[in-house]
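Coordinate inspection notes
Okay, here's what each chain looks like letter by letter:
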Amino acid sequence: LQVVTTIYPVTFFSERVGGERVEVTALTPPGDDGHDYEPTPRDIVTIRGADVLVYNHPSFESWIEDALESVASDELVVVRTADIEAEEDEHDHEDEHGDEDEHGHMNEHGHDEEKELVEGVGHIIEEVEHGDITADQGIEEIEELLGGHDHDEHGHEDEHGDEDHVEELKHEIGELIEQVENGQLSADAGIEAIEELIGGHAHEDHDEHGHEDKHGDEDEHGHEDEHGHAHVDEHGHDHGGVDPHVWLDPIQAIAQVRAIEQAFIEADASGASVYSANADALVASLVQLDGEFTEALADCAQDHVVVSHEAYGHMAERYKFEQLALGGLAGEFEPGGGRIAAIADEMSELGITHVMQEPLINFELADTVARETGADILQMHPLGYIMVAEVDAGDDYLTIMRRNLESLRVALNCG
């Protein structure tokens, strides 16, 4: 069975599930970061000649849909292994800037109130970014700014029958605050999400009314904003705010393995028993790995780690710790000075003594933060790629994940 894979984790899973019945061709070889990959014409030919294409998710492999259109093969079995969905765009409203009266004229009062809210929240976020207050304090101040707004109060209509856009914005901010309060988001992640939300509104304001956008949208080339939180990386990849690094949670990795198993059986029914047996064995290894993580991280003095980029959200959610990320989801972006200063302050406040460094990116950044805070550096591998030296040493997903666990035990000060 001819199988083409995109990034390292799905390559590893495919090789284990397929065994000797498959020949796996990885589009991103060892040492190449999957974030940077763009298919060449030769790669399209390779995909066209395959029986199965295995990829993670369009939020990581942003090129996948265009590539499949180029391939245009009804015989190719395509499997998306990550079962995550992008958040729906909640700003697709006919009236983007306030309410309109019966003649279609803008209600300036609604627009002014929205502008005032955006500017007030933006000022608090800037205080967080500059390190003047912590992210937790920023969340509290934003909640106070909303004036005790009922998070369930949503979608009221004004006297002209149009949806109150200001209340819509308050509701969306309130929902993010609730996620922070319920532990679904860290305070840092909540601040970033609110910043992105109001950044969109400020950008709309700039487009329609000539006001300057002070809260950080990406420019036409996808470059990051002044605070370093753009989702579009320098290669044009748009992660849409969705964390595609699901393989770092062994339980979600099991679902990826089962998706690959079913795709192989669809393409080669005669090998079903082999694929199922191989998948069962790999799932057992992942269950064991999950048990090791759960046990090792059950009793830790610390619950925050500083990581190179925002890749560890699924792992953090599974094992009950918080990531403070120097870079965003795309990995390549460098954060602004305010973000670095804020993280250094949080490290001091929380007693964090380690910075988790990836093997491929952000070396200087991690070194800078470590020097400024007196922290030690530990390796933390995102496993979206594998290094040539790691392959030569016989390392794979399972061995590298166990090294990640050892680093986490040290960084989280686990008993």
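One numbering rule holds for all chains: residues counted from 1, following each sequence as written. Local features in this predicted model are restricted to residues of pLDDT 70 or higher, and side-chain atom pairs are both shown and tallied only at a pLDDT of 80 or more, whereas totals for entire chains, interfaces and linings draw on every residue. Side-chain measures here rest on the full set of heavy atoms in the structure, leaving out hydrogens and waters.

A closer look at helix α9 (residues 272-296)
Note the cut-off: Under the scheme used here, helices are H or I runs from DSSP no shorter than 4 residues and strands are E runs no shorter than 2 residues, and both carry numbers assigned from the N terminus. Helix span, expected: 1.5 Å multiplied by one less than the number of residues in the helix. Exposure classes here rest on a 1.4 Å probe applied to the protein chains alone. A residue is buried below 20% of its type maximum, exposed above 50%, and partly exposed in between.
If you check α9, its first and last C-alpha atoms are 36 Å apart, about what 25 residues at 1.5 Å a residue would give, namely 36 Å. Those residues of α9 not exposed but buried are Tyr 275, Ala 279, Leu 282, Val 283, Leu 286, Leu 289, Asp 290, Phe 293 and Ala 296.

Thoughts on the packing of helix α8 (residues 250-267) against α9
Counted only if it meets this: Every axis corresponds to a line fitted to the C-alpha atoms, with the helix fit spanning only the stretch in contact, and the corresponding angles, defined between N-to-C directions, vary from 0 to 180 degrees. By definition in this entry, angles of less than 35 degrees are roughly parallel, angles greater than 145 are roughly antiparallel, angles of 65 to 115 are roughly perpendicular, and the rest are oblique. We call two residues contacting when some pair of their heavy atoms lies within 4.5 Å.
In contact at an axis separation of 9 Å, α8 and α9 are set at 175 degrees when each is read in the N-to-C sense. Put simply, α8 runs roughly antiparallel to α9. Facing α8, whose interface residues are Pro 250, Ile 251, Ala 253, Ile 254, Val 257, Arg 258, Glu 261, Phe 264 and Ile 265, α9 presents Ala 272, Tyr 275, Ser 276, Ala 279, Asp 280, Leu 282, Val 283, Leu 286, Val 287, Leu 289 and Asp 290.

So, the packing of aromatic side chains
Rules: Ring pairs shown here join Phe, Tyr and Trp side chains whose ring centres sit within 6.5 Å, with only the six-membered ring taken for Trp; geometry is labelled stacked below 30 degrees between planes, edge-to-face above 60, and tilted in between.
Evaluated as defined, the whole model comprises 8 aromatic pairs. On the numbers, 5.9 Å between centres and 65 degrees between planes, the contact of Phe 12 with Phe 13 is edge-to-face. Since its relative accessible area comes to 0%, Phe 13 is described here as buried.

Here's the deal with the nonpolar core
The criterion, for reference: As used here, the term nonpolar core means buried Ala, Val, Leu, Ile, Met, Phe, Trp, Tyr and Cys residues forming a set that is joined through side-chain atoms within 4.5 Å.
Residues Phe 13, Val 52, Phe 264, Phe 293, Met 315, Tyr 397 and Leu 408 are the most contacted members of the largest nonpolar core, which totals 55 residues. Mapped by element, the contributors of at least two residues to this core are α1 (8-18), β3 (52-55), β4 (77-80), α8, α9, β5 (304-309), α10 (313-319) and α14 (397-411). A total of 8 residues in this core trace back to one element, the largest contributor, which is α9. Val 52 has contacts with Leu 1, Gln 2, Val 3, Val 4, Leu 76, Val 77, Val 79, Ala 263, Phe 264 and Ala 267, leaving out every residue within four places of it along the chain. Counting 21 residues, the second largest nonpolar core, distinct from the first, contains Ala 135, Ile 142, Leu 146 and Val 180.

A closer look at the pattern of salt bridges
Short version of the rule: Between Lys or Arg on one side and Asp or Glu on the other, a salt bridge is scored when a side-chain nitrogen of the former is within 4 Å of a carboxyl oxygen of the latter.
Under the defined criterion, the tally for this structure stands at 8 salt bridges. Residues Glu 167 and Lys 170 are paired through a salt bridge, measuring 3.8 Å at the closest nitrogen-oxygen approach. Of the two residues, Glu 167 and Lys 170 are both situated in helix α6 (residues 165-181); the distance of 3 residues between them amounts to about one turn of the helix. The class of Glu 167 is buried, set by a relative accessible area of 11%. For Arg 258, the salt bridge goes to Glu 261, with nearest N and O atoms at 2.9 Å. Of this pair, Arg 258 and Glu 261 both sit in helix α8, 3 residues apart, which is roughly one turn of that helix. The class for Glu 261 is buried, based on a relative accessible area of 6%. Each of the salt bridges in this network shares a partner with another, and the network as a whole consists of Arg 258, Glu 261 and Asp 280.

Description of the state of the cysteines
Put simply, the rule is: We call a pair of cysteine sulfur atoms a disulfide whenever their separation is within 2.5 Å.
In this structure the tally under the stated criterion is 1 disulfide. Shown here is the disulfide that connects Cys 300 with Cys 414, its sulfur atoms set 2.0 Å apart. Between Cys 300 and Cys 414 the sulfur-sulfur dihedral comes to about 90 degrees; the bridge is accordingly right-handed. Placement of the pair is Cys 300 in the loop between α9 and β5 and Cys 414 in the segment after α14, with a sequence separation of 114 residues.

Some details on the sheet that holds strand β8 (residues 376-379)
Which entries qualify depends on this criterion: For two strands to pair, DSSP has to find at least two bridges joining them.
Ordered in space as β6-β5-β7-β8, the 4 strands form an open sheet in which the pairing is parallel. Strands with a single pairing partner mark the edges of an open sheet, and in this sheet they are β6 (322-327) and β8. Taking the axes of each pair of neighbouring strands and ignoring which way they run, one obtains an average angle of 35 degrees across the sheet. Strand direction decides the pairing type here: β5 and strand β7 (residues 354-357), joined by 2 bridges, are parallel. Counterpart to Val 306 in the pairing with β7 is Val 355.

As for the pairing of strand β2 (residues 23-26)
Consecutive side chains along a regular strand alternate between the two faces of the sheet. Basically, it comes down to this: Orient the strands so they point away from the viewer, and a crossover whose first-strand-to-second-strand path over the helix runs clockwise is right-handed.
Note that strand β1 (residues 2-5) and β2 share 4 bridges and pair parallel. Each residue of the ladder has a partner; that of Thr 5, found in β2, is Ala 26. Each parallel crossover has a hand, and for β1 linked through α1 to β2 it is right-handed.

Regarding the pairing of β5
With respect to burial, β5 is a largely interior element, 6 of its 6 residues being buried. Judged from the 5 bridges that link them, β5 and β6 form a sheet pairing that is parallel. Paired with His 304 across the bridge in β6 is Glu 322. Between the parallel pair β5 and β6, the chain is carried across by α10, and the sense of this crossover is right-handed.

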